[in-house]
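Listed below are the residues making up each chain.
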Amino acid sequence: MPADAERAGTVAPEVAERVAGIAAWLRRARRIVVLTGAGISTESGIPDFRGPNGVWTRNPEAEKTATLSHYLADPEVRRRAWQHRLHSEVWRARPNAGHRAVAELERRACLELLVTQNIDGLHQAAGSSPERIVEIHGTVHEVRCLSCDFRGPMAETLARVAAGEDDPACLRCGGILKSATISFGESLVAADLERAQQAAARSDCFLALGTSLGVYPAAALPEIAAAAGARLVIVNGEPTPLDPLADAVLHGRLGELLPALVAAV
Ligand code: NAD
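Residues numbered from 1 in each chain as written. Predicted model: local features only at pLDDT ≥ 70, side-chain atom pairs only at ≥ 80, totals over all residues. Heavy atoms only, no water.

A closer look at empty space enclosed by the protein
- Inspection of the entire model under this criterion finds one cavity of 30 Å³ or more.
- Estimates place the volume of the largest cavity at around 40 Å³.
- In terms of lining, the largest cavity is formed by Leu-26, Ala-101, Val-102, Leu-105, Leu-207, Leu-209, Leu-258, Leu-261 and Val-262.
- Contributing elements (two or more residues each) for the lining of the largest cavity: α6 (97–108), β7 (205–209) and α11 (254–263).
- Of the residues assigned to the lining of the largest cavity, the class counts are nine nonpolar, no polar and no charged. (1 Å grid on protein atoms, 1.4 Å probe; cavity = no way out; pocket = protein on both sides within 12 Å on 5 of 7 lines; lining within 4 Å. Points joined across faces, edges and corners; volume = space filled by probe spheres on them. Helix = DSSP H or I, 4+ residues; strand = E, 2+ residues; numbered from the N terminus. Nonpolar A, V, L, I, M, F, W, Y, C, P; charged D, E, K, R; others polar.)

Section: the side chain of Ser-179
- Tracing the chain through its elements places Ser-179 in strand β6 (residues 177–181).
- Owing to a relative accessible area of 5%, Ser-179 belongs among the buried residues under this scheme.
- The contacts of Ser-179, once residues within four sequence positions are left out, are Arg-85, Thr-139, Val-140, Glu-142, Val-143, Arg-144 and Met-154. (Buried < 20%, exposed > 50% of the residue type's maximum accessible area, 1.4 Å probe, protein only. Contact = heavy atoms within 4.5 Å.)

Quick look at the layout of surface pockets
- Approximately 230 Å³ is the volume attributed to the second largest pocket.
- If you trace the second largest pocket, you find 15 residues lining it, with Glu-135, Gly-138, Arg-151, Val-189 and Asp-192 closest to the centre.
- Secondary structure elements with two or more residues in the lining of the second largest pocket: β3 (133–135), β4 (138–145) and β6.
- Of the residues belonging to the lining of the second largest pocket, the class tally is six nonpolar, four polar and five charged.
- A domain split of the lining of the second largest pocket shows at least three residues from each of domain 1 (1–46 + 95–137 + 187–265) and domain 2 (49–92 + 140–181). (Domains from an automatic or database assignment.)

Thoughts on the environment of Leu-26
- Structurally, Leu-26 can be placed in helix α2 (residues 13–28).
- On the basis of relative accessibility, which here comes to 0%, the residue Leu-26 falls in the buried class.
- As a C-alpha pair, Leu-26 and Ile-224 span 198 residues in sequence and 18 Å in three-dimensional space.
- In this view, Leu-26 contacts Ile-32, Leu-105, Ala-109, Cys-205, Leu-207, Leu-261 and Val-265; residues no more than four positions away in its chain are not counted.

Structural data, given as structure tokens:
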């Protein structure tokens, strides 16, 4: 999207009217909670999993490599995972207009918490306050040892992979290293989940942005908010199972809709 359109936040007149209504809710809200998913990062060049061009939509087998039991059991899965991390588009990705709009929302309105399912760190790069972010599925910018829980910078381990190590072991205990992300079969960090659930239950306006709302327990957060009486707004490229529960739904590109929405707050 061209920079001038981002500044103006241009959308079609019929969409602008609905955007103005949602912006009025955001202006009045005292405890806004935002949940983002992979869809906010596709315009930065990182594919989502379940969208029309998603990694798993095109190759359902790939879902298996994100499963902890396969990763633990099979050195070949780990070798492939490290090669994938080494060449990942995440290292080249920069925040887009959608991330910047979320950061701007924090400056213009009462944002309580930004819960992201993304592991790419692009909200922080766009200027959202780290202390208001919960990375509910972890981060790819760190590694974690599955034996001793050591954590360290991803860049250091990737340098070992680039130098020829197929499956770099933990330098402290020799255990298996993995990115500090939550795989299938792993529990979320209890304190993170609790913080997100409590914020959702207290929120008066909840925005779900760029998520297929198919991964629980993150997908339960909008349900918690709606049950507690918050306005629920869903912005996504395609319908989600929670659209019928929402007070407003916008379908379209986040890089276009979010700057328009935040400019109207
Ligand atoms: P998802 O892949 O299940 O759904 C993404 C949704 O975003 C889809 O419904 C798609 O239609 C929509 N979308 C894609 N591009 C869009 C755009 N430009 N504008 C508006 N909507 C757009 O993603 P999810 O709900 O976040 O769940 C997938 C899991 O995968 C998460 O747990 C997340 O941790 C992980 N993941 C993260 C990244 C990342 O960090 N960038 C990338 C892929 C997957």
